[in-house]
Amino acid sequence: MVATLFIALIILMFVGVPIAASIGFAALASMIAGGETSTLFTLAQKMVTALDSTSLLAIPLFVLAGAIMGKGGISKRIIDLSYEIFGWLPGSLGVVTVVACMFFAALSGSSPATVAAIGGIMVPAMIEDGYPAGFSAAIAASGGIIGCIIPPSIPFVNYGLITGTSVGDLFAAGIVPGILMGIALCILVSVKASRNHWGSRTKGINFKKLWNAFTKAILALLMPLIILGGIYGGFFTPTEAAGVACVYGMIVALFIYRTISFSDLYEIAFDAALTSAMIMFIVATANGFSHIVTTQQVPAMLASAVLGLTANKHVVLLLINIILLINGCFMEETATTFIYTPILFPLVVQMGIDPVHFGVIMVMNMTMGLITPPLGINLFVAAGLDTRVRFSDILKYILPPFLVLVVVLMLVTYVPDLALGVVRLLH
């Protein structure tokens, strides 16, 4: 059954079958190969069971909240604030792109949405300012992956649902790694811009303009504070926090900023529903996949095989990072979460690795797949932001940002306090 499961999955993905359908059909083929009776009934039952959870409501609600804030013109206010703070640095527009992605990540929780919202404005501006088109798009794509690390984060919600780990703790643990990723990318941009004389910059900080930009963006920036503060203050659960984020986003965009109207809500809700449906379909089919993996004792076999090779958890973590980075080239993050977490989680717990720390490691690895071809969703989003950007040019410039982010990944992997420090502080 296990051999059929993985062989079928690889073949279906290779021939271009959508990932959710690939997972479902692979699970079905495996059940048939194993001679399970009532195969279709069992698979359907597992799919329904996977979605029968009130905690899963957090996913469509966070998606909707991000869509409201994205359509509500919030990205422009965040970019203006970022430019007033960091416009004096070498490579100022590139730095502003990364910082704006970090701020917007705290609103959307979605990596492609962050690339589209921030990159749609910044990529054309960077090209006009003298940056190579490929580099401009590569930086937007790389900055966008921070959307899955800085809370709220849909991959963290998925991981928490599978493992029973506190979603609030996972959100808190993602703050410092997300900031470190942003700082690393900013340093890279500044160094490259200085060496190649790319772009212009302001002479210094104008505090009057800075204050004006801050007052315009403050309501948007308060949302992540409300979410985390509400969760840790005991006012609401992560699922309820997602609902609060939707209501807050609607009030700000409709009545305070007035950047959307009630007639826009249908399109916003429709786009959010499409994204949520895709995620939920993967969640449903992946539960059948996980059922087979668990009943066939794959985690136990993996743990036995790995521990037979080495009992050094640092080596095990390195191997896991390598496997997940390679996997990211071919599989998107929701599918990776639901397939690999049930397999790897028992192993890392057995080795004494903190579940929250491992959750951050997994999500960081999965987000890196968003900028690695051939899947590289963020690369395709960035390539469509400006007609002057060619996909081949992005590939030429994406390696340095990828390597810089790998360095941050290794730091977080082997210095757990970078992820767990905020969690301990909040507790």
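Residues numbered from 1 in each chain as written. Predicted model: local features only at pLDDT ≥ 70, side-chain atom pairs only at ≥ 80, totals over all residues. Heavy atoms only, no water.

Concerning helix α1 (residues 2-14)
And then number 1: Relative to the 18 Å expected for 13 residues at 1.5 Å per residue, α1 spans 18 Å between its end C-alpha atoms, a close match to the ideal helical length.
And then number 2: By the burial criterion, the buried members of α1 are L5, A8, L9 and L12. All buried residues of α1 fall inside an arc of 105° around its axis, so they share one side. Across from the buried face of α1, at angles greater than 90 degrees, the exposed residues are A3, I7, I10 and F14.
And then number 3: The secondary structure elements touched by the buried residues of α1 are α2 (19-33), α14 (265-295) and α17 (333-350).
And then number 4: Where α1 ends, the next residue or the one after it, G16, has phi of about 95°, a positive value. (Helix = DSSP H or I, 4+ residues; strand = E, 2+ residues; numbered from the N terminus. Expected span 1.5 Å × (residues − 1). Buried < 20%, exposed > 50% of the residue type's maximum accessible area, 1.4 Å probe, protein only. Arc of directions from axis to C-beta. Contact = heavy atoms within 4.5 Å.)

Examining the pattern of salt bridges
And then number 1: What the rule picks out here adds up to seven salt bridges.
And then number 2: In this structure, D271 and K71 form a salt bridge, with 3.9 Å as the shortest nitrogen-oxygen distance. In this pair, D271 is assigned in helix α14 and K71 in helix α4 (residues 58-71), connecting sequence segments 200 residues apart.
And then number 3: Taking the relative accessible area as the measure of exposure, D271 reaches 31% and is therefore partly exposed.
And then number 4: What makes K71 partly exposed here is its relative accessible area of 44%.
And then number 5: Of the charged contacts in the structure, one is a salt bridge between D386 and R388, with a shortest N-O distance of 2.9 Å.
And then number 6: With a relative accessible area of 11%, D386 lands in the buried category.
And then number 7: One continuous salt-bridge network, built from bridges that share partners, spans K71, E267 and D271. (Salt bridge = Lys/Arg side-chain N within 4 Å of Asp/Glu carboxyl O.)

None of the figures reported here should be taken as evidence of function without further support.
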